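Overview (structure and organization)
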Amino acid sequence: MKIIGIITILLSGSIMIYSTLDFPEWGDPLSPANTHLSVYYIENSMPDTSVPNIVTAILADYRSYDTMFETTVIFAAGLACFLLLRNFRKKKKEYSLYRHIPTGVTLKIKNSADLADDTKLFQRIDSTWVPFDLVTRTASGLIVPFIQIFALYVIAHGHHSPGGGFQGGVIFGAAFILFAISYSLRESLKIISEKTAVILSCVGVMIYAGTGLLCLLFGSNFLNYGSLAQILFTDPVSARSLAILFVEIGVGLAVAGVMIWLYYNISSSGKYNQGL
Amino acid sequence: MDNYLFFIVSKFNYWGVMILIMIGIYAIISKQNLIKKIIGMNIFQTAIILFYISIGSKKNASIPILHHLNEHTQKINPDDFVNPLPHVLMLTAIVVSVATLGVALSLAIKIYQQFGTLEENIINNKIAADNNRQSVIDRL
């Protein structure tokens, strides 16, 4: 099997490398990919949308239909993970473990269905619980707020600098995942519960589609932001710039929510207990 | 000699991409471990992203971000900015790769819960044994 694989791949790879003889040179400004459509984007994105970052202008305006379904794809991926992994059936628990925080003694309580999960003195833990490292906790606690502010900056400045909804959303989700790794899944579920993460991602997709529907209401095509000038009190070009910001915020919310949702499901394989 | 050097310099980015694609397909075809297959799939996707980005590059061009201040006086020369379209396409491709990675990992978790292993040949043997037992029961 391995030899057959190697032979097949060497054959197809040599064909591919042979085909590069006809390819344009690297960095050739006159290559076919660089001459037709992209020239229009570079020359006209500023007069059309007044967004200096051409990539953002194309992503959220010229190709916004594509990006809307891209956001839907991420949401569908989160949904698929949820449906595959989430443990809906609640196993009847025989006992629960509670850790007395001041002394560090763990109590095993049978038939504890009527006890609260957490009080000031007692903390609900799992059998795989390990004491967390002070250094990791403190360091991540120092870093996480700055990462989150940077994520908001990346979303808000997607017009003027490299960035946008996808990148900012991923950074925001990564900051929260860092928190969840350095603390534990139970701690992070107290801050952003599963429901909140799902609602965040749904709201993100709905902001995007809602902007498109609003354009439809004001008498232009779906996701043609120019008609939003009537409610934003600006000229159509600036209205496009502002609508791109709305759309990027929607994308950022959706991506951040789905990242957190995916992490919850995959790290605890759908049980939502201690996690990693 | 100079001719060959020019040829290598102008095409080596494609060769790097092709080698990465070959590594990715090799991992997908002949590795038995499902996680290694997923890693191969990711290497493949990364190679495609690299391919698109290297197509969009131009010599002596800057990033595709204009200046806001002198937007009316500025005459934009398309050769000064790299092609933004492959960047947009690959931004969405990265998102798709994250989505496929998530779904693939959760499928791997489910398979591990079902069979207790991630090795493909052992899983196939277990499925075949199950089918045999089922057919014996049916015959009885």
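This section reports on the structure supplied with the text.

Definitions and cut-offs
- Residues numbered from 1 in each chain as written.
- Chains lettered and ligands numbered in written order.
- Predicted model: local features only at pLDDT ≥ 70, side-chain atom pairs only at ≥ 80, totals over all residues.
- Heavy atoms only, no water.
- Pairing = 2+ DSSP bridges.
- Helix = DSSP H or I, 4+ residues; strand = E, 2+ residues; numbered from the N terminus.
- Axes fitted to C-alpha atoms, helices over the stretch in contact; angles between N-to-C directions.
- Buried < 20%, exposed > 50% of the residue type's maximum accessible area, 1.4 Å probe, protein only.
- Contact = heavy atoms within 4.5 Å.
- Buried area = accessible area lost by both parts, 1.4 Å probe.
- Polar contact = N/O pair within 3.5 Å; in protein donor to acceptor, adjacent residues only side chain to side chain.
- Nonpolar A, V, L, I, M, F, W, Y, C, P; charged D, E, K, R; others polar.

**A word on the sheet that holds strand 3 (residues 122-125) of chain A**
All names here are of chain A.
- Reading across the sheet, the three strands line up as 2-1-3 and stay open at both edges, with antiparallel pairing between neighbours. With partners counted over all chains shown, the strands left at the sheet margins are strand 2 (105-110) and strand 3, one partner each. Adjacent strand axes in the sheet meet at a mean angle of 35° when their direction is disregarded.

**Digging into the pairing of strand 1 (residues 95-100) of chain A**
Residue and element names in this part refer to chain A.
- When you tally the buried positions in strand 1, you get five out of six residues, the bulk of the element.
- Relative to strand 2, strand 1 is paired through six bridges, and the arrangement is antiparallel. Bridging from a neighbouring strand, S96 pairs with I109 of strand 2.
- Where strand 1 hands over to strand 2, the hairpin turn is made up of four residues, of which G104 adopts a positive phi near 80°.
- In terms of strand pairing, strand 1 meets strand 3 through four bridges, oriented antiparallel.

**A closer look at the interface of chain A and chain B**
- Contacts between the two partners involve 53 residues from chain A, matched on the other side by 54 residues from chain B.
- Summed over both sides, the interface of chain A with chain B buries roughly 5,000 Å², with 76% coming from carbon and sulfur.
- By the criterion of area lost to chain B, the three top residues of chain A are I9, W26 and I42 of chain A, representing 15% of everything that side buries.
- Here chain A and chain B share twelve residue pairs in polar contact (both at pLDDT 80 or more) between them.
- Listing elements by their share of the side of chain A that touches chain B, those giving two or more residues are helix 1 (2-19), helix 2 (32-35), helix 3 (37-49), helix 4 (54-62), helix 5 (64-85), helix 7 (165-182) and helix 11 (236-267) of chain A.
- Counting residues per element, the side of chain A that touches chain B draws most heavily on helix 5 of chain A, which supplies nine residues.
- Across the side of chain A that touches chain B, the residue classes tally to 33 nonpolar, 13 polar and seven charged.

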